[in-house]
Amino acid sequence: MNELSPQIQDPSPSRCEVMFLFIQIGNHIERRLEEALSQVGLSLPKYGALTQLMKAGEPLPLSELAAQMTCVRSNITQLVDRLEADGLVLRVEDPKDRRSIRAAVTKLGRERQAAGARRVGAIKDEVAKAFSEVDSKTLKQGLDLLK
């Protein structure tokens, strides 16, 4: 028999296992968020864009929205196309630059973002409870070292 006796086995995960645990945790949380947001007709990118627009409090140029979401403008254009098709945002002219277009949240967009925020908040609470024994300061320091 090649098994180690229970007294000798090391219960702590190896460095490689830790790395894959983080990946699994991230994937699981992302799936949970996608599932929760889909119940209110949103995806993570749609929710993120609506949230950025709500935080701004005013219509944003697409280039600024792209910068805030750290993605390229062509992706934002496609995302805003989908949001506009869903009635969640409108494209409006920029009063300072007629060549520029801004994204403005509609009433339905505000409602969906608020519903999404409630769902995201519930998942945040679940994650916080599940990892309440984990030292978040240490996790943050580790993340900072990887950047």
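Keep in mind the model is a prediction, meaning the values are calculated, not measured.

Moving on, we come to the overall build of the protein. In terms of helices and strands, the protein carries six helices and three strands. Put simply, the protein runs from its N terminus to its C terminus through helices and strands in the order α-α-β-α-α-β-β-α-α. Here the C-alpha radius of gyration of the protein, 21 Å, is well above what a compact globule of 147 residues would show, namely 15 Å. The C-alpha extent of the protein, read off along each of the three principal axes, is 75 × 30 × 30 Å. Across the 147 residues in the protein, those meeting the buried criterion constitute 25%. Working note: accessible area of the protein is about 10,600 Å², and carbon and sulfur atoms make up 56% of it.

A general trend in soluble globular proteins is that nonpolar side chains are found buried together. Judged by nonpolar contacts, the single largest core of 24 residues is most densely connected at Leu42, Leu50, Leu53, Leu65, Ile76, Val80 and Leu83. Within the residue set of this core, elements represented by two or more residues are helix 1 (15-38), helix 2 (44-56), helix 3 (62-68), helix 4 (73-85), strand 3 (97-105) and helix 5 (107-130). Those residues in contact with Leu65, other than ones at most four positions away along the chain, are Ala49, Gln52, Leu53, Leu60, Ile76 and Val80.

Attention now moves to a nonpolar patch on the surface. Taken together, the side chains of Val18, Phe22, Phe131, Val134 and Leu139 define a hydrophobic patch exposed on the protein surface, amounting to about 390 Å² of accessible area. Relative to the helices and strands, Leu139 resides in helix 6 (residues 136-146). Leu139 sits in the partly exposed class, given a relative accessible area of 40%.

On to the environment of Tyr47, then. As for its placement among the helices and strands, Tyr47 is situated in helix 2. On the accessibility criterion, Tyr47 (13% relative accessible area) is buried. Through-space distance from the C-alpha of Tyr47 to that of Leu79 is 11 Å; in sequence the pair is 32 residues apart. Setting aside chain neighbours within four positions, we find Tyr47 in contact with Leu37, Leu42, Gln113, Gly116, Ala117 and Val120.

Glancing now at the pairing of strand 2 (residues 89-94). Direction of pairing for strand 2 relative to strand 3: antiparallel, over a ladder of six bridges. What sits directly across from Leu90, in strand 3, is Ala104.

So, about the pattern of salt bridges. The final tally for this structure, using the stated rule, is eight salt bridges. Of the charged contacts in the structure, one is a salt bridge between Glu84 and Arg91, with a shortest N-O distance of 2.6 Å. Put simply, Asp94 and Arg102 hold a salt bridge, and the shortest N to O gap is 3.1 Å. Each member of the salt-bridge network shares a partner with another, and the members are Asp81, Glu84 and Arg91.

The three strands are arranged 1-3-2 in an open sheet whose pairing can be described as antiparallel. For this open sheet the edge positions go to strand 1 (60-61) and strand 2, each flanked by a neighbour on one side alone. Lying over the sheet, helix 2 contacts strand 1, strand 2 and strand 3, oriented at roughly 105° with respect to strand 3. Helix 4 rests against strand 2 and strand 3 of the sheet, and its axis sits at about 120° to strand 2.

Thresholds applied
Residues numbered from 1 in each chain as written. Predicted model: local features only at pLDDT ≥ 70, side-chain atom pairs only at ≥ 80, totals over all residues. Heavy atoms only, no water. Helix = DSSP H or I, 4+ residues; strand = E, 2+ residues; numbered from the N terminus. Rg over C-alpha atoms; globule rule 2.2 N^0.38 Å. Buried < 20%, exposed > 50% of the residue type's maximum accessible area, 1.4 Å probe, protein only. Areas by Shrake-Rupley, 256 points an atom, 1.4 Å probe, with all protein chains shown as cover. Core = buried A, V, L, I, M, F, W, Y, C linked by side-chain atoms within 4.5 Å. Contact = heavy atoms within 4.5 Å. Patch = residues over 30% accessible without salt bridge, like charges linked within 9 Å, V, L, I, M, F, W, Y side chains within 5 Å. Salt bridge = Lys/Arg side-chain N within 4 Å of Asp/Glu carboxyl O. Pairing = 2+ DSSP bridges. Axes fitted to C-alpha atoms, helices over the stretch in contact; angles between N-to-C directions.

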